[in-house]
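A closer look at the structure
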Amino acid sequence: MTNFFEILVEVLKADERFFTEDGTLLRNKVYESAMNMDSELIGLLLSNNDTKKRFFAEVNGIYVFDKVGFGWVVNNRQFLPDSYTRFKNRIGLTDSRGDLISTSNDVVLSFPYKDCVLEGGQTKDDQKRDEVFYNATLAPDEVDRLLYPKVLVGARRYTVDGIEKVSAFDDSDNLIIKGNNLLAIASLLKRYEGKIKCIYIDPPYNPTSQANTFAYNNTFNRSTWLVFMKNRLEIAKRLLKKDGVLIVAIDKNEQPRLQILIEETFPNSDVDCITVVHNARGVIGTNFSYTHEYAIFVTPKGKKTIGNRKIEQEEIDWRQLRDRGGESLRTDARNCFYPIIVENSEVVGFGDVCADDEHPEQNEKHGNQIYVYPIDNNGIERKWRYARQTVESIINVLRIKKTKDGLGIEIGKDFGTYKTVWTDRKYDASLNGTQLLKRILPNTKFTYPKSIYTVIDCVNAVVENDKDAIILDFFGGSGTTGHAVMEINKQDGGRRRFILVEQMDYIQQDTLPRNVAVMKSIAPEASIVYAELAKCNYRYVEDVSAAKTDADLTTLLERVLNTGFISSKVNPAEIVGAATDFEALSLDDKKRFILELLDKNMLYVNLCDLDDEEYGVSEADKAFTRSFYGLEVK
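Residues numbered from 1 in each chain as written. Predicted model: local features only at pLDDT ≥ 70, side-chain atom pairs only at ≥ 80, totals over all residues. Heavy atoms only, no water.

**With respect to unusual backbone geometry**
One non-glycine residue, Met37, lies in the positive phi region at around 55 degrees. Note that Met37 resides in the loop between helix H2 (27-35) and helix H3 (39-47). Phi angles above zero are rare outside glycine, and Asn60 is one such case at about 50 degrees. Within the fold, Asn60 resides in the loop between strand S1 (56-59) and strand S2 (62-65). Of the residues examined, Asn60 reaches a relative accessible area of 78% and is grouped as exposed. (Helix = DSSP H or I, 4+ residues; strand = E, 2+ residues; numbered from the N terminus. Buried < 20%, exposed > 50% of the residue type's maximum accessible area, 1.4 Å probe, protein only.)

**Brief notes about the nonpolar core**
If you look at the biggest cluster of nonpolar residues, it comprises 122 residues, and the most contacted ones within it are Leu188, Ile199 and Leu239. Residues within four places of Leu188 in sequence aside, it is in contact with Leu175, Ile177, Glu193, Leu239, Leu472, Ile499, Val501 and Phe628. (Core = buried A, V, L, I, M, F, W, Y, C linked by side-chain atoms within 4.5 Å. Contact = heavy atoms within 4.5 Å.)

**Examining the state of the cysteines**
Applying the stated criterion across every chain, the model contains zero disulfides. The thiol sulfur of Cys198 is not disulfide-bonded, and the nearest other cysteine sulfur, from Cys458, lies at 8.3 Å. Look at Cys198 and you get buried, because its relative accessible area is 0%. (Disulfide = S-S within 2.5 Å.)

**Some words on the pairing of strand S24 (residues 470-473)**
Going residue by residue along S24, you find Ile470 and Leu472 tucked away on one face and Ile471 and Asp473 tucked away on the opposite face as well. Of the strand pairs in this sheet, strand S8 (residues 196-201) and S24 are connected by two bridges, and their pairing is parallel. Looking at the pairing, Cys198 lines up with Ile471 of S24. Judged from the four bridges that link them, S24 and strand S25 (residues 497-502) form a sheet pairing that is parallel. (Pairing = 2+ DSSP bridges.)

**Examining H3**
Inspection of H3 places Leu41, Ile42, Leu44 and Leu45 among the buried residues, and these make up the whole buried set. Seen from one end, H3 has its buried residues packed into an arc of 155 degrees, which puts them on one side. Within H3, the exposed residues directed more than 90 degrees away from the buried face are Ser39, Glu40 and Ser47. Measuring from the side-chain oxygen of the N-cap residue of H3 to the backbone nitrogen of Glu40 gives 3.2 Å; that N-cap residue is Asp38. (Arc of directions from axis to C-beta. Polar contact = N/O pair within 3.5 Å; in protein donor to acceptor, adjacent residues only side chain to side chain.)

**Here's the deal with the packing of helix H12 (residues 452-463) against helix H13 (residues 480-492)**
Geometrically, a packed helix pair is captured by the angle between its two axes and the distance between the axes. H13 packs onto H12 with a crossing angle of 65 degrees between their chain directions and a minimal axis gap of 9 Å. Handedness of the H12/H13 crossing: right-handed. Counting all contacts with H12, which are made through Ile452, Val455, Ile456, Val459 and Asn460, the residues of H13 involved are Thr480, Thr481, His483, Ala484, Glu487, Ile488 and Gln491. Grouping the amino acids of the contact of H12 with H13 by side-chain chemistry returns six nonpolar, five polar and one charged. (Axes fitted to C-alpha atoms, helices over the stretch in contact; angles between N-to-C directions. Left-handed = near helix turned anticlockwise from the far one by under 90°. Nonpolar A, V, L, I, M, F, W, Y, C, P; charged D, E, K, R; others polar.)

**Overview of the sheet that holds strand S18 (residues 363-366)**
Across the sheet, which stays open at both edges, the four strands sit in the order S17-S16-S19-S18 with antiparallel pairing between neighbours. Across the chains shown, the open sheet's two edge strands, defined by having one partner strand only, are strand S17 (346-350) and S18. Strand-to-strand, the axes of this sheet are offset by a mean angle of 30 degrees, without reference to chain direction. Two elements, S18 and strand S19 (residues 369-372), share four bridges in a ladder whose sense is antiparallel. Following the sheet pairing, Asn363 is matched in S19 by Val372.

**Considering the environment of Ile316**
By the secondary structure assignment, Ile316 is in the loop between strand S14 (309-310) and strand S15 (319-320). Classification of Ile316 as buried rests on a relative accessible area of 10%. A C-alpha to C-alpha distance of 8.6 Å links Ile316 and Phe415, two positions 99 residues apart in sequence. The contacts of Ile316, once residues within four sequence positions are left out, are Ile311, Gly412, Lys413 and Asp414.

Okay, structure coming up:
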């Protein structure tokens, strides 16, 4: 069989699509091409007698391709077994039944289908990680344990008076959590399911350039990204209130596919894509200079959940309140003929609807007040645009207009429906994003955060009329969303709270310090609680990432075997006996192996294990965790 594998590789070498520049076979690309009945691949396989005999059956003179059998061969563990694969098989990685992989007939596809869960575990922008996929259909128990609520540790509260350790969470607190965002928002369900008014997220944009920070799986980058988003969107949907709104910032690279995914995930919602010009200078492409990105709004279908936009005074379109043109006469709507009362050049009230036989002048003086009627300069009695029973609702958008014939009334709304293209200079991400952040945090490493006004206008469109709203951002980044919420509260005295989740290490240098600084400046009455998901095996993931030498990894392997939670797919009895083979692996392969040993369900401590002494959770952390999840104190 080994010889046939070698023959197959030689056949595939004729198509450069299936190999990287360094000659590595793209196994998943080959599999995908076979499943799509790629004509060039089929032609290659037919050109060789061995592959033709193995993968085709002749039926009435027609060759039928056995793509299932081909897929089995391509995904077989013995296909291209490099030193690392041979080592894994020797030490005894086992399948779901406990059988050794080397003798198993199971075929597990690595392609990330939509019914899988992509965990996502970067802590640094430049860190690449082979992600773990749990198939929600084939391994529901693993997925359930992965998404259990997690223990929270290291909680401390920030106020204008300083920092204090806390053992209880208060509903008035804002919250910043460090940890894997999929697991963090799954944990939030226990306290916040159905309670979040607005979710604003700015996920990795997944560009095709070297600037891409989404480096989870380069072979199937796009599908990986979509799985990554799907898992999080499904939980976000559960967190939202019935009238809650999701807003997702994205650019051209994934907007079309993301919008389709959102429409599929939120079938009973309206989905609107807003264009935001955030870089008027443009980013040069092959044929066009890109100046914009998008904000996708997901709102309850058919319901008015987006408020009105504020129009600046100099942009207000003033027009006469007196109607004109067709059907503008008094006789067309008798409830629209009444006096508007003016005093000291301001509208102060409204008189009753005039009787049919009452014919006043355009302006009539009554003491210190002037009554203004909808009569034009030719003496024709017309009507106001608003009936008497509704006009009081617009008194704040009326003004007096002096003319040569007397006083007139104009209407100019300082609010309006949000448009789908936002072009204001305030959305400039350099001016009000990068430069603003550097004024707050001079040593920040962020190069292109969102304009604060982009986030303010997006979030305020949802929560303007809800001063107690909770706003969630589980791609916390530099902390712009928390900053925006405090700015909105400053404008109207609101009590809105934010929850930020960030798994990257810069949460300590950027996300948290920025929001603490803003709180002290404009929201002195507020408080921010910071906490972390309690690490279990994740501490070994960090140690693997930090390891620099073979000796470091040998020592780390011993620690993992002695104190870590090992995957059920590992036969630990064989590992010690294969020590020589482990030492022969490259530094990167040693890291890969140690990571595969770890039980990925135990990256963080589950809430159900809070009192297990093995995890060493302190009494203060236990108290805070119980308070946060609403559990009884023991």
